[in-house]
Amino acid sequence: MEFKRLSQPDAHVSGLHILRHASPKSPAIHTLRQRIWNAASSQQVEKLHGIHNYLHGKAFAREEWSTIWSRSDETSWAHSFGRMRGFEEIWYNSVTLYDAACYDSYLELYDIYPGMGGLDPRPLMELSMHTLVNGVVEVAEDGMSARTSYVTPGILYDRLNRDMKKHCMNFWERYGSDFVCEDGTWLYLHEHVCPDFGMPLDCANAAADSYQMLAHPPEGPRPPRPSGRKEMIKLAEPTPLHQMYSITTPVQNTVPCPEPYHTLDNDNTYTPFLNPPKK
């Protein structure tokens, strides 16, 4: 399956053809042009979110990162454990190492389920099924960027966890994302994933289990997944950026909903720029 980069909406489709011969000096026409462009752009951005969720759920990392993301040095992806910066670092972590883990898992699974021979190894490792709800989309006044906030309830299913058993949990995350329009094509630039809470599906009382975990933490580290690979992910910013909700930690508003803004800068972004745009 191929996914092409999403380009600027065709003028005749979006309605911009009615403005082709209008004077750009007219405030009314400029406002109409801007509103049409922003409306079309918000649809493009929502479509990018949908493509991301599908490819992420299928574990198709290469297809995602090669089609819908900017390859800028400013590109970033963050989670609760830290932030990756620059397209090369993200590709190494999210494609090179991730695909290697999928193949390692495939070899482990094959010993248990030999009938899976011939299937794509990547979706067999895990299923990350996110939904997108409560979306807020803001397109900049200059029309060159957009910011979004989404709540993403879903499930995470591992066919083999660290204990070599099946594992499934539900979770509630929020996405804070920045997008840019590069040469007429809308692409991801920044994303910050903030998990608010999660619990195993075979859990009877998540609050009670959380309390027990805090009151009686397990002794020693959890056993690692058996694998011959020793590569570690690279993090430009290996600093905790978000804490999950617990009986001692309230929900954190790490990625608040975007407000109307003029242009993408360090006052309006989910990831501070390394080289802030000139105002």
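Residues numbered from 1 in each chain as written. Predicted model: local features only at pLDDT ≥ 70, side-chain atom pairs only at ≥ 80, totals over all residues. Heavy atoms only, no water.

K.L.:
So what exactly am I meant to see when it comes to the overall build of the protein chain here?
P.N.:
Along its length, the protein chain carries six helices and seven strands. Sequence-ordered secondary structure for the protein chain, helices as α and strands as β, is α-α-α-β-β-α-α-β-β-β-β-β-α. Expressed as a percentage of its 279 residues, the buried residues of the protein chain come to 43%. Within the protein chain, counting contacts between residues at least 6 apart in sequence, those at least 24 apart form 65% of the total. (Helix = DSSP H or I, 4+ residues; strand = E, 2+ residues; numbered from the N terminus. Buried < 20%, exposed > 50% of the residue type's maximum accessible area, 1.4 Å probe, protein only. Contact = heavy atoms within 4.5 Å.)

K.L.:
Which parts of the structure should I look at to understand the pattern of salt bridges?
P.N.:
If charged atoms from side chains of opposite charge come close, those side chains can pair. One pass over the structure, following the stated rule, counts seven salt bridges. Salt-bridge contacts for Asp 178 lead to Arg 147; the nearest nitrogen and oxygen are separated by 3.1 Å. Highlighted residues: Asp 178 in strand S6 (residues 167–182) and Arg 147 in strand S5 (residues 145–158), separated in sequence by 31 residues. Across this residue pair, the class does not change: Asp 178 and Arg 147 are buried. (Salt bridge = Lys/Arg side-chain N within 4 Å of Asp/Glu carboxyl O.)

K.L.:
What am I meant to see in the packing of aromatic side chains here?
P.N.:
The geometry of an aromatic ring pair is captured by the separation of the ring centres together with the interplanar angle, meaning the angle of the planes. Per the counting criterion, the structure on display carries seven aromatic pairs. By the ring-pair criterion, three or more aromatic residues cluster together here, those being Trp 65, Trp 69, Phe 179 and Tyr 188. The positively charged end of Arg 147 is found above the aromatic ring belonging to Tyr 270, 4.2 Å away from the centroid. (Phe/Tyr/Trp six-rings, centres within 6.5 Å; stacked < 30°, edge-to-face > 60°. Lys NZ or Arg CZ within 6 Å of the ring centre and 35° of its normal.)

K.L.:
Would you explain the nonpolar core in this entry?
P.N.:
Generally speaking, soluble globular proteins have nonpolar side chains that are buried together. Within the largest apolar cluster, 27 residues are counted, with the highest numbers of intra-cluster contacts made by Trp 65, Trp 69, Trp 77, Phe 179 and Trp 186. The set of elements that each furnish at least two residues to this core consists of helix H2 (27–58), helix H3 (61–65), helix H4 (87–112), S6 and strand S7 (185–200). Here Phe 179 is in contact with Val 45, Leu 48, His 49, Met 144, Ser 145, Ala 146, Thr 148, Trp 186, Leu 187, Tyr 188 and Leu 189, once residues within four sequence places are set aside. (Core = buried A, V, L, I, M, F, W, Y, C linked by side-chain atoms within 4.5 Å.)

K.L.:
Even after reading the chapter, I still don't get the confidence of the model for the protein chain, so can you show me in this structure?
P.N.:
A low pLDDT means the predicted coordinates there should not be read in detail. Overall, the prediction assigns the protein chain a mean pLDDT of 83, with 83% of residues at 70 or greater. Note on residues 1–29: pLDDT under 50 across the span, and 50 contacts to partners over four residues away in sequence or across chains. (pLDDT = per-residue confidence, 0-100.)

K.L.:
I keep staring at the pairing of S6 and nothing clicks. Help me out?
P.N.:
Note that S5 and S6 share 14 bridges and pair antiparallel. Counterpart to Leu 156 in the pairing with S6 is Met 169. Pairing geometry for S6 and S7, over 14 bridges, is antiparallel. Pairing of Met 169 across the sheet is with Pro 200, part of S7. Between S6 and S7, which pair antiparallel in sequence order, lie two residues; one of them, Asp 183, sits at a positive phi of approximately 55°. (Pairing = 2+ DSSP bridges.)

K.L.:
What exactly am I supposed to notice about the side chain of Thr 67 here?
P.N.:
Topologically, Thr 67 is positioned in the loop between H3 and strand S1 (76–79). From its side chain, Thr 67 meets the backbone oxygen of Glu 63 in a polar contact 2.5 Å long. (Polar contact = N/O pair within 3.5 Å; in protein donor to acceptor, adjacent residues only side chain to side chain.)

K.L.:
Teacher, can you tell me more about unusual backbone geometry here?
P.N.:
It is generally the case that most residues other than glycine have a negative phi and that most peptide bonds are trans. Even without being glycine, Ala 59 reaches a positive phi, approximately 65°. Of note in the backbone geometry, Asn 134 takes a positive phi value of approximately 55° without being a glycine. Topologically, Asn 134 is positioned in strand S4 (residues 133–139). Residue Asn 134 is classed as exposed on the basis of its relative accessible area of 61%.

K.L.:
What should I look at first to understand a nonpolar patch on the surface in this one?
P.N.:
A surface patch of nonpolar side chains, amounting to about 470 Å² of accessible area, comprises Trp 172, Phe 197, Met 244, Tyr 245 and Val 251. Relative to the assigned elements, Tyr 245 resides in the segment after helix H6 (206–215). According to the relative accessible area criterion, Tyr 245 is partly exposed, its value standing at 47%. (Patch = residues over 30% accessible without salt bridge, like charges linked within 9 Å, V, L, I, M, F, W, Y side chains within 5 Å. Areas by Shrake-Rupley, 256 points an atom, 1.4 Å probe, with all protein chains shown as cover.)

K.L.:
Would you mind going over the pairing of S4 with me for this structure?
P.N.:
Note that S4 and S5 share five bridges and pair antiparallel. Among the inter-strand pairings, Glu 138 is bridged to a residue of S5, identified as Arg 147. As consecutive antiparallel partners, S4 and S5 are separated by five residues, and within that stretch Gly 143 has a phi angle of approximately 75°, a positive value.

K.L.:
How should the environment of Val 255 be read in this particular structure?
P.N.:
Along the polypeptide, Val 255 turns up in the segment after H6. Separated by 80 residues in the primary sequence, Val 255 and Tyr 175 have C-alpha atoms spaced 7.2 Å apart. Val 255 has contacts with Ser 149, Arg 174, Tyr 175, Gly 176, His 192, Cys 194 and Tyr 270, leaving out every residue within four places of it along the chain.

K.L.:
What is the right way to look at H4 in this model?
P.N.:
An α-helical turn contains 3.6 residues, so any two residues separated by three or four positions project in the same direction. Over its 26 residues, H4 extends 36 Å from the first C-alpha to the last, a length consistent with the 38 Å expected when each residue adds 1.5 Å. The largest bend in H4 is about 30°, located at Tyr 98. (Expected span 1.5 Å × (residues − 1). Bend = angle between axes of the 7 residues up to and from the residue.)

K.L.:
Any chance you could explain the side chain of Arg 85 here in plain terms?
P.N.:
Tracing the backbone shows Arg 85 in strand S2 (residues 82–85). For Arg 85, a relative accessible area of 11% gives the class buried. In terms of polar contacts, Arg 85 uses its side chain to reach the side chain of Glu 237, at 2.5 Å. Of the polar contacts made by the side chain of Arg 85, one reaches the backbone oxygen of Pro 272; its length is 2.7 Å. Each residue touching Arg 85, except ones within four places of it in the same chain, is listed here: Glu 74, Thr 75, Ser 76, Ala 236, Glu 237, Thr 271, Pro 272 and Leu 274.

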